[in-house]
Amino acid sequence: MRPDGTGTGAAVVEFTNVSAQTCVLTGHPTVAGAGNGSPEMNVPLTVKPTGTATAVTVLPGAEAWVKLTFVQVQGEADGYCVSGSAPVVYPTMVIGLPGSGAHQVALDDGQFAECDDTVTVTAVSAVEPS
């Protein structure tokens, strides 16, 4: 889901513990752009971590969150990148959570558009980021 007022530049990703056991997550995620569900086509993005990583205990049925902030595509239609690089659009992202493996996620209202293959990420949190 996108935080209000962020356009395609940011996404808050919610993860739910669907197991019957408590898990502990610590750290910052890895992020790769993904297309057409084909793992060999994933493009790892350069991750810039923010915030302090602390252990987050996730009870069965409880959630944890990360926030991804991308270098935004500017303009209309095809858009452009301020850096001069070409904008890239991914239908999904693969988020690697420390201690939990990799998970493919999609926006519920569009695709991920970014510039420079770079994403700023928060540490895994027990509190939903704004």
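Above: the structure in question.
Residues numbered from 1 in each chain as written. Predicted model: local features only at pLDDT ≥ 70, side-chain atom pairs only at ≥ 80, totals over all residues. Heavy atoms only, no water.

Applying the stated criterion across every chain yields a total of one disulfide. At a sulfur-sulfur separation of 2.1 Å, the disulfide partner of Cys81 is Cys115. One disulfide, between Cys81 and Cys115, carries an S-S torsion of -90 degrees and so falls in the left-handed class. With a gap of 34 residues between them, Cys81 in the loop between β7 (63-71) and β8 (88-90) and Cys115 in strand β11 (residues 112-122) connect regions that are remote in the sequence. Taken as a pair, Cys81 and Cys115 share a single burial class, namely buried. (Disulfide = S-S within 2.5 Å. Helix = DSSP H or I, 4+ residues; strand = E, 2+ residues; numbered from the N terminus. Buried < 20%, exposed > 50% of the residue type's maximum accessible area, 1.4 Å probe, protein only.)

This part takes up the environment of Thr122. With respect to the helices and strands, the residue Thr122 is situated in strand β11. For Thr122, a relative accessible area of 22% translates into the label partly exposed. Considering only alpha carbons, one finds Thr122 and Lys67, 55 residues apart in sequence, at a separation of 5.4 Å. Residues within four places of Thr122 in sequence aside, it is in contact with His28, Pro29, Thr50, Val66 and Lys67. (Contact = heavy atoms within 4.5 Å.)

The next thing to look at is the pairing of strand β3 (residues 30-34). Counting buried residues in β3 gives four out of five residues, a clear majority hidden from the surface. In the sheet, β3 pairs with strand β9 (residues 92-97) via five bridges, with the strands oriented antiparallel. When the sheet's bridge partners are listed, Thr30 is paired in β9 with Gly96. (Pairing = 2+ DSSP bridges.)

For Glu114, the location among the structural elements is in strand β11. In this structure, Glu114 is buried with no salt-bridge partner, the nearest side chain bearing the opposite charge being Lys48 at 11 Å. Side-chain polar atoms of Glu114 contact the backbone nitrogen of Asp117, separated by 2.9 Å. Here Glu114 is in contact with Leu45, Phe70, Val71, Val73, Pro87, Val88 and Tyr90, once residues within four sequence places are set aside. (Lys, Arg positive; Asp, Glu negative; His and termini not counted. Salt bridge = Lys/Arg side-chain N within 4 Å of Asp/Glu carboxyl O. Polar contact = N/O pair within 3.5 Å; in protein donor to acceptor, adjacent residues only side chain to side chain.)

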